[in-house]
Every structure is written in structure tokens, then in C-alpha cells.
Amino acid sequence: MGENLDHSTNSPLPVVGTVNDEENATIKPQGPHPSRQEKSDFDSERRPTHHLHRWIWFITGPTACGKTTIAKSLASALKFSFLEGDDYHPKASVEKMSRGEPLNDEDRAGWLQALKEHEIAQPQKKQTNGDDPEGKSRHLVTTCSALKKHYRDLLRQGGEEAKDLRVRFVFLDASEETLTKRAAERKGHFAGANLVHSQFEALERPDENEKDVVVVNVEGSLEDSERQAEMKLKEEMGKDDGSFLEVL
Ligand SMILES: Nc1ncnc2c1ncn2[C@@H]1O[C@H](COP(=O)(O)OP(=O)(O)O)[C@@H](O)[C@H]1O
Ligand SMILES: O=C(O)[C@H](O)[C@@H](O)[C@H](O)[C@H](O)COP(=O)(O)O
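The sections below set out a description of the structure shown in this document. For clarity, every value in this text was computed on a predicted model and none was experimentally measured. Per chain, residue numbering runs from 1 following the sequence as it is written. Lettering of chains starts at A and numbering of ligands starts at 1, both following the order in which they are written. The predicted origin of the model limits local features to residues at a pLDDT of at least 70 and limits the giving and counting of side-chain atom pairs to 80 or more, whereas totals for whole chains, interfaces and linings rest on all residues. Hydrogens are left out, water is left out, and the side-chain values use all remaining heavy atoms of the structure.

**Thoughts on the side chain of D164**
Think of it this way: any DSSP run of H or I at least four residues long counts as a helix, any run of E at least two long counts as a strand, and we number them from the N terminus. Locating D164 in the fold gives a position in the loop between α5 (149-161) and β7 (165-173). Whenever a nitrogen or oxygen atom comes within 3.5 Å of another N or O atom, the pair is scored as a polar contact, on the condition that within protein one atom can donate a hydrogen and the other can accept it, and that pairs from neighbouring residues in sequence are kept only if both atoms are in side chains. A distance of 2.6 Å separates polar atoms of two side chains, one belonging to D164 and the other to R54. Among the polar contacts made by the side chain of D164, one reaches the side chain of Q124 at a distance of 3.3 Å.

**Looking at the nonpolar core**
For the purposes of this section, nonpolar cores are sets of buried Ala, Val, Leu, Ile, Met, Phe, Trp, Tyr and Cys residues that join through side-chain atoms within 4.5 Å. Each residue is placed in one exposure class: buried if its accessible area under a 1.4 Å probe, protein chains only, is under 20% of its type's maximum, exposed if it is over 50%, and partly exposed if it falls in between. Residues W57, I59, C144, V170 and L172 are the most contacted members of the largest nonpolar core, which totals 45 residues. Sort the elements by how many residues they give to this core and β7 lands first, with 6 residues. Among residues more than four places away in sequence, those in contact with C144 are F58, I59, T60, G61, K67, W111, L112, L115 and L155. In what follows, residue pairs with any heavy atoms lying within 4.5 Å of each other are defined as contacts.

**Examining the packing of helix α2 (residues 67-78) against helix α8 (residues 222-238)**
Interhelical geometry of α2 versus α8 gives an angle of 50° and a closest axis separation of 10 Å. Classified by the angle their axes make, α2 and α8 are oblique. Relative to α8, α2 is oriented so that their crossing is right-handed. The segment α2 lies against α8, with T69, I70, S73, L74, A77 and L78 engaging L222, S225, E226, A229, E230, L233, K234 and M237. Under the scheme applied here, ten amino acids are nonpolar (Ala, Val, Leu, Ile, Met, Phe, Trp, Tyr, Cys and Pro), four are charged (Asp, Glu, Lys and Arg), and all others, including Gly, are polar. Tallied by class, residues from the contact of α2 with α8 come to 8 nonpolar, 3 polar and 3 charged. Angles run from 0 to 180 degrees between N-to-C directions of axes, and those axes are lines fitted to C-alpha atoms, restricted for helices to the stretch in contact. An angle below 35 degrees is read as roughly parallel, one above 145 as roughly antiparallel, one from 65 to 115 as roughly perpendicular, and any other as oblique. For any pair of crossing helices, the crossing counts as left-handed if the nearer helix is rotated counterclockwise from the farther one by less than a right angle, and right-handed if it is rotated clockwise.

**Things to note about the site of ligand 1**
The full set close to ligand 1 counts 16 residues, and A64, K67, T69, R186 and G220 are the nearest of them. In this structure, an oxygen atom belonging to ligand 1 sits 2.8 Å away from a main-chain N or O atom of A64. Measuring from an oxygen atom of ligand 1, one finds a backbone N or O atom of C65 at 3.2 Å. Reported accessibility uses the Shrake-Rupley method at a 1.4 Å probe radius. Residues are deemed covered only where the shown protein chains occlude them. With the chains in place, 82% of the 570 Å² that ligand 1 exposes on its own is no longer accessible. Listing elements by their share of the shell around ligand 1, those giving two or more residues are α2 and α8. Looking at the shell around ligand 1, the element that brings in the most residues is α2, giving 4 residues. Across the shell around ligand 1, the residue classes break down as 6 nonpolar, 7 polar and 3 charged. Residue proximity to a molecule or strand is established when one non-hydrogen atom of the residue lies within 4 Å of it.

Right, dumping it as C-alpha cells:
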């Protein structure tokens, strides 16, 4: 999507210094930037200053599309925090999926709610302590299959409720055939190839009206998928103030 994003609604803010946390990144703006004084003029209640806003990227798609692998790679490249959404499925749901049985809306309700609460609770400032001097970024990359539109809508609500959130999605796009093969090859995961078909039955692909979804084709090599994903995230976040931010 990149190009799908509509900045006329939920207009994002300038992000100077937020692609990486300001504290540990060097960001070279190219082109004119508004001065600090100009930035402080973002006075609407819906538009806090760029110092406070938090990016929340949901990496989505059916089982074995690469959510965990690509989300970790993005978090590491951007120095964002990482959250594994699968960890919030209740035990009964994990057991169900291990048997190859699809979850239903009811099974997923509490899990989606937990992920929404995580968005909102994501710290507003970078967290550091003696054990973790590098710290945890206030920006988050998290995995969540988010197969249906109303699931994504629930996650969007987090962005409506917490005024400083910029909620975005990446949809990892590959065929059922490819994902069946990848799930079969994957070792030590509770979700097997027998879950893939039902995931495609449940899937409501993001449509052109979902302007906050970036589509990344993951049919090719993992390296290519990771590179594309990183490029599209940076492009999207760099658009915020109309200039390109180069992260070193
Ligand atoms: N182009 C690709 N994109 C993403 N994953 C890929 C790709 N090619 C191969 N894979 C492999 O597919 C598997 C995806 O697993 P995983 O990250 O656990 O997916 P998910 O979290 O969506 O279930 C990994 O073993 C990964 O190495
Ligand atoms: O909503 C669902 O049915 C699940 O979230 C599912 O889509 C997810 O993919 C599983 O949790 C398997 O875990 P992996 O996605 O990591 O294979």
C-alpha cells in the first residue's frame, strides 16, 4: 500500500527523529523541515507533538506467511520494540490450532482485545534501566494475523482511543500453495500445514479503502521480503512531514 495511505484522514505528524528513537539514532532529514516552533503549532487535540506519537505496526497475514520472522527483522532494523501476538492466544486456542482446527470469532475476541490494549499501553517514552541500557523503543512492531476487516478495525480503534498512536498494518501476501509448503517445512511450531486452508477461507484481504495497510509480496526469497518490508515502512513513516528521512 504505501500508495494507499490517505493522509487527509487521521493525518500523521512530522516524524523527525522518530523512525529510530531520537536517543540512539542519527537521522538526516533531506529537504526543508519545519522549525521546532512550527512543530509546536500542532495544537489540535488529535495531533500531539511528534515527540510523543508512537508508531504501532501490525504485521499480518495467514499462518506461515512470515509474520514473526519479518516483524523481528523490522524491529531490529528500525530499533523498535517487538511483541509476538501469538503469545496472547489462550492455551485452549493454541491447542485447537495444534489440532488443525480453525479459531472462530469468539475464540479470537479476547486475544484481539489484549493486543489492542497492548497498543494503548505501549510506553510513551523509551524505557531504559541498568539491565537494558539500550532500552525499549516506544514504537512497536507486533504480529497478529488480523485476518478479517473487523479485527483490523478493532485494532484501529486503539489509535482512535490513544491520541498519540499511529496504527499501521503490513499484509504479507502469498498464495495458499506457498504457505502450505512453508508451514509443512517449519519445525517446532504449533500451527501446521493443516491450518492453512481454513486461514485462507477466513481471510478478508485488505481492500483499497484500507489506506493504512502496506502490502508486501512474500512469494520470493525471505531476504527480498524483508528488504521490501523495511523499505515500505521507512517510506511510509518518512512521508509524515513530506520529506524523506534517511536513517543511518
Ligand atoms: N519470502 C519469505 N517471507 C517470509 N517467510 C519466508 C519466506 N521464505 C521463506 N520463509 C520462511 O517461512 C517461515 C515463516 O514462518 P513464520 O515467520 O513463523 O510465519 P508466521 O509468523 O506468519 O506464522 C519461516 O520459516 C521463514 O524462514
Ligand atoms: O487468528 C488466527 O487464526 C491465528 O492468529 C492464526 O492466524 C495464526 O496464524 C496462528 O496464531 C498461528 O500462528 P502463526 O501465524 O505464527 O503460524
